[in-house]
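Each chain, written out:
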Amino acid sequence: MAADECRALTLFWSAGGNTRKVALALHGLLGELDVAADLVEISPGLAVDYYAYGLVLLGAPVYQFLPPEPVIAFLKEQQRARVRVDAAAPERKDCFGVVFCTYGGPHTGAREAVPALKYMGQFLEHAGIRVVDEWPVVGEFHEPSQAG
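Here the residue index of a chain counts from 1 through its sequence in written order. This being a predicted model, a pLDDT of at least 70 is required before a residue's local features are given, and a value of 80 or more before pairs of side-chain atoms are given or counted; all residues contribute to the totals for chains, interfaces and linings. As a convention, hydrogens and water are excluded, and side-chain values are obtained from all of the structure's heavy atoms.

### Some thoughts on the sheet that holds strand S2 (residues 36-41)
Across a sheet, paired strands are connected by hydrogen bonds in the backbone, their directions being either parallel or antiparallel. A pair of strands counts as paired when DSSP detects no fewer than two bridges linking them. Working definition: helices are DSSP H or I runs of at least four residues, strands are E runs of at least two. Numbering for both runs from the N terminus. One open sheet holds the 5 strands; their spatial order is S2-S1-S3-S4-S5, and the pairing between them is parallel. Looking at the sheet topology across the chains shown, the edges are occupied by S2 and strand S5 (130-138). Pairs of neighbouring strands in the sheet enclose a mean axial angle of 15 degrees, with direction left out of account. Across 5 bridges, the pairing between strand S1 (residues 7-12) and strand S3 (residues 55-61) is parallel. A fitted line through C-alpha atoms serves as each axis, taken over the contacting stretch for helices, and the angle formed by two N-to-C directions is quoted from 0 to 180°.

So, in structure tokens, the structure goes:
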């Protein structure tokens with residue numbers, strides 16, 4: 001894929017709005033750089049063709065050191081049903097990934113985000129998409145719901 005044909009995908013899930021803000025900022029920056037880009041929020045049943053893009057940005061909040069369950073379910077379904085995984089996960093030369101996550105509250109700083117970043121990155125790398133960077137982003141802390 002030639003540089004002038006590069007398309008980007010910003011793929012995210014957000015509950016409290018922090019990850020959405022980061023995804024929107026990244027999507028806006030891609031537009032400023034004249035990169036054709038799609039912004040897609042992870043939802044049940046979503047299927048994405050990673051290989052239609054030269055750059056995949058994948059983001060989620062951190063919940064107990066990992067991405068939240070809707071993101072984990074999406075990644076597993078992508079791997080199981082829609083992404084061909086070859087032995088030794090051969091790297092595609094025309095597709096790169098960046099993973100980002102938001103975290104906040106009384107945590108241990110950016111180290112809080114490392115397991116979630118690595119977890120999400122492994123799903124991209126198993127699809128042959130080399131993760132070129134990981135971005136932990138501090139967000140506003142949202143108190144857990146007291147409802148039942």
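### Structural notes on helix H3 (residues 114-126)
Take the number of residues in a helix, subtract one, and multiply by 1.5 Å to get its expected span. For H3, spanning 13 residues, the distance from its first C-alpha to its last is 18 Å, which sits close to the expected 18 Å at 1.5 Å a residue. Buried, partly exposed and exposed residues are distinguished by accessible area as a fraction of the type maximum, computed with a 1.4 Å probe on protein chains only: under 20%, between the cut-offs, and over 50%, respectively. Turning to H3, its buried residues are Ala 116, Leu 117, Met 120, Gly 121, Phe 123 and Leu 124. Taken down its axis, H3 places every buried residue within 150 degrees of arc, on the same side. Downstream of H3 by one or two residues, Gly 128 has phi in the positive range, about 85 degrees. For this quantity, the arc is that covered by the directions from the helix axis to the C-beta atoms.

### Details of helix H1 (residues 18-32)
In this model H1 runs 21 Å from its N-terminal to its C-terminal C-alpha over 15 residues, within 8% of the 21 Å that 1.5 Å per residue would give. Asn 18, Thr 19, Val 22, Ala 23, Leu 26 and Leu 30 are the residues of H1 that are buried. Take H1 and look down its axis: the buried residues cluster within an arc of 130 degrees, on one side only. Along H1, the residues that are exposed and aim more than 90 degrees away from the buried face are Lys 21, Ala 25 and Glu 32. Throughout, a contact is declared for two residues whenever any of their heavy atoms are within 4.5 Å. Summarising the contacts, the buried residues of H1 are in contact with S1, S2, S3, strand S4 (96-103) and S5. Just past H1, the residue Asp 34 takes up positive phi, approximately 60 degrees.

### Side note on the environment of Gly 97
With respect to the helices and strands, the residue Gly 97 is situated in strand S4. Given a relative accessible area of 0%, Gly 97 falls into the buried group. Once residues lying within four places of it in the same chain are set aside, the contact partners of Gly 97 are Leu 55, Val 56, Leu 124, Ile 129, Arg 130, Val 131, Val 132 and Asp 133.

### Description of the pattern of salt bridges
A carboxyl oxygen of Asp or Glu within 4 Å of a side-chain nitrogen of Lys or Arg is what we treat as a salt bridge. Counted under the stated rule, the structure contains 5 salt bridges. For Glu 41, the salt bridge is made with Arg 20, and the minimal N-O distance between the two is 3.0 Å. Here Glu 41, found in strand S2, pairs with Arg 20, found in helix H1; they are 21 residues apart in sequence, far enough to count as distant. Taking the relative accessible area as the measure of exposure, Glu 41 reaches 31% and is therefore partly exposed. In this structure, Glu 134 and Lys 118 form a salt bridge, with 3.2 Å as the shortest nitrogen-oxygen distance. Taken together, the positions of Glu 134 in strand S5 and Lys 118 in helix H3 put the pair 16 residues apart, joining distant regions of the chain. A relative accessible area of 27% places Glu 134 in the partly exposed class.

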